[in-house]
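So you can see what is in the structure, the chains are spelled out below.
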Amino acid sequence: MRTLELATSWGTLRIAGGSRAGEGSVLLLPQLRLALDAGRPLRALVPMVHVVVSHGHADHLLGLAAWASQRQLQMLPPGTVYLAEGIAQEVEELLALHARLERGSPYGVRVVPVRAGETVPLRRDFALRFFATTHWTDTLGCCLLWRRRRLRPEYAHLTAQALQRARQAGEEIAEETAVPLLAYTADTGPELFQRESWLASAEVLVTECTFLRGEDRERARRWGHLHLEDLALLAPGLANRHLVVGHLSGRHTVAEGDATILATLGPLFAGSLHSLNADWP
Ligand SMILES: [Zn+2]
Ligand SMILES: [Zn+2]
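Below is a short write-up of the structure. (Residues numbered from 1 in each chain as written. Chains lettered and ligands numbered in written order. Predicted model: local features only at pLDDT ≥ 70, side-chain atom pairs only at ≥ 80, totals over all residues.)

Counting secondary structure elements, the chain contains eight helices and 14 strands. The globule rule puts the C-alpha radius of gyration for 281 residues at 19 Å, and the 20 Å found for the chain is close to it. Structurally, the chain occupies a C-alpha span of about 65 × 55 × 30 Å along its principal axes. (Helix = DSSP H or I, 4+ residues; strand = E, 2+ residues; numbered from the N terminus. Rg over C-alpha atoms; globule rule 2.2 N^0.38 Å.)

This is how it looks when you write it as structure tokens:
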């Protein structure tokens, strides 16, 4: 597992996780008790209350039943899973089957089917907005929105007394804003970035870079994954404060992959570059 501490306008956002194509992607935001994909049965996954499952591929889903089982065993309240409505029933069946095999009671997990474009509240100051990616099977990415109230710009120059008078007169001096703090693209092809151009301005962009070699260009396109050349084209236009890449193919060692990614994207991307690529035991 890797840990990152990223400076954002909200404060330091802590990320723990690891990612490898075919072997498992898990991204934990412990401050929000939120997991983005549950590709491995990890001890650190268990305390997470909310789990987003981007799609049904095993490397994004394999840890889910273990998470539900462990929460039950440790007498933690059942968590909530957010996933595309197209796989909701099958995932419910999967969890029910696991619980039956354990000869215990159902896990009680709340399965919430969501659609692209939908926003669900996570807690008072955070929400998740979902969007479709361009992987070869239906896949949802998500954006972590930080909701906060701020003074409307037209009131910004007023003194405290003037603001109080305006408030007493019944004027609405504050407004709610939603800051796209982190965007997670899960598995995706490059077309996503044209369709969802706002991705380039999320404070933290977590995406994949599965393939690196020229000979894998066609494989990336066919299966809806990003190739390093795709990211090299996108990087100069990305205004993100942090770019986090993962989902490296097993064709490369993590050390070799990270070095190639850093050498290629480092000079092209203005923000900080991070890797979630990890070797699972
Ligand atoms: Zn994957
Ligand atoms: Zn996939």
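The structure having been displayed, the exposition proceeds.
Here we take up helix H8 (residues 254-265). For H8, which comprises twelve residues, the first-to-last C-alpha distance of 16 Å matches the rise-based estimate of 16 Å (1.5 Å per residue) to within 8%. Here H8 has its buried residues at Gly 257, Ile 261 and Leu 265. Buried positions in H8, seen along its axis, are confined to an arc of 35 degrees and lie on one side of it. Exposed residues pointing more than 90 degrees away from the buried face of H8 are listed as Ala 255, Glu 256 and Ala 263. Tucked into the core, H8 has its buried residues touching helix H7 (228-234), strand E13 (242-246) and strand E14 (272-275). (Expected span 1.5 Å × (residues − 1). Buried ≥ 20, exposed ≤ 12 C-beta atoms within 10 Å, placed from the backbone. Arc of directions from axis to C-beta. Contact = placed C-beta atoms within 7 Å.)

Attention now goes to helix H4 (residues 160-168). Of all nine residues in H4, zero are buried; the element is thus mostly exposed. Phi turns positive one or two residues past the end of H4, at Gly 170, with a value near 90 degrees.

The subject of this paragraph is the pairing of strand E10 (residues 140-151). Direction of pairing for strand E9 (residues 126-132) relative to E10: antiparallel, over a ladder of seven bridges. The residue bridging Phe 130 from the neighbouring strand is Cys 142, located in E10. Relative to strand E11 (residues 174-184), E10 runs antiparallel, the two sharing ten bridges. Among the inter-strand pairings, Trp 146 is bridged to a residue of E11, identified as Val 179. (Pairing = 2+ DSSP bridges.)

Right, let's talk about unusual backbone geometry for a bit. Although it is not a glycine, Asp 37 sits at a positive phi angle of roughly 70 degrees. Classification of Asp 37 as buried rests on a count of 30 C-beta atoms within 10 Å.

Glancing now at the sheet that holds strand E8 (residues 119-123). Reading across the sheet, the seven strands line up as E8-E9-E10-E11-E12-E13-E14 and stay open at both edges, with mixed pairing between neighbours. Of all the strands in the sheet, the pair left with one neighbour each is E8 and E14. In this sheet, neighbouring strand axes are inclined to one another by 30 degrees on average, regardless of whether the strands run parallel or antiparallel. Bridging between E8 and E9 involves four bridges; their strand directions are antiparallel. Bridge pairing links Thr 119 to Arg 129 in E9. (Axes fitted to C-alpha atoms, helices over the stretch in contact; angles between N-to-C directions.)

Within the open sheet, the seven strands sit side by side as E1-E2-E3-E4-E5-E6-E7. Their pairing is mixed. The open sheet has two edge strands with one neighbour each: strand E1 (2-7) and strand E7 (110-114). In this sheet, adjacent strand axes meet at a mean angle of 20 degrees when their direction is disregarded. One ladder, built from four bridges, connects strand E5 (residues 50-53) with strand E6 (residues 80-84); its direction is parallel. Looking at E6, one finds that His 50 is bridged to Thr 80. Across the sheet, helix H2 (residues 64-73) touches strand E4 (34-38), E5 and E6, and the angle it forms with E5 is around 165 degrees. Sheet strands in contact with helix H3 (residues 85-101) are E5, E6 and E7, and its direction is about 135 degrees off that of E6.

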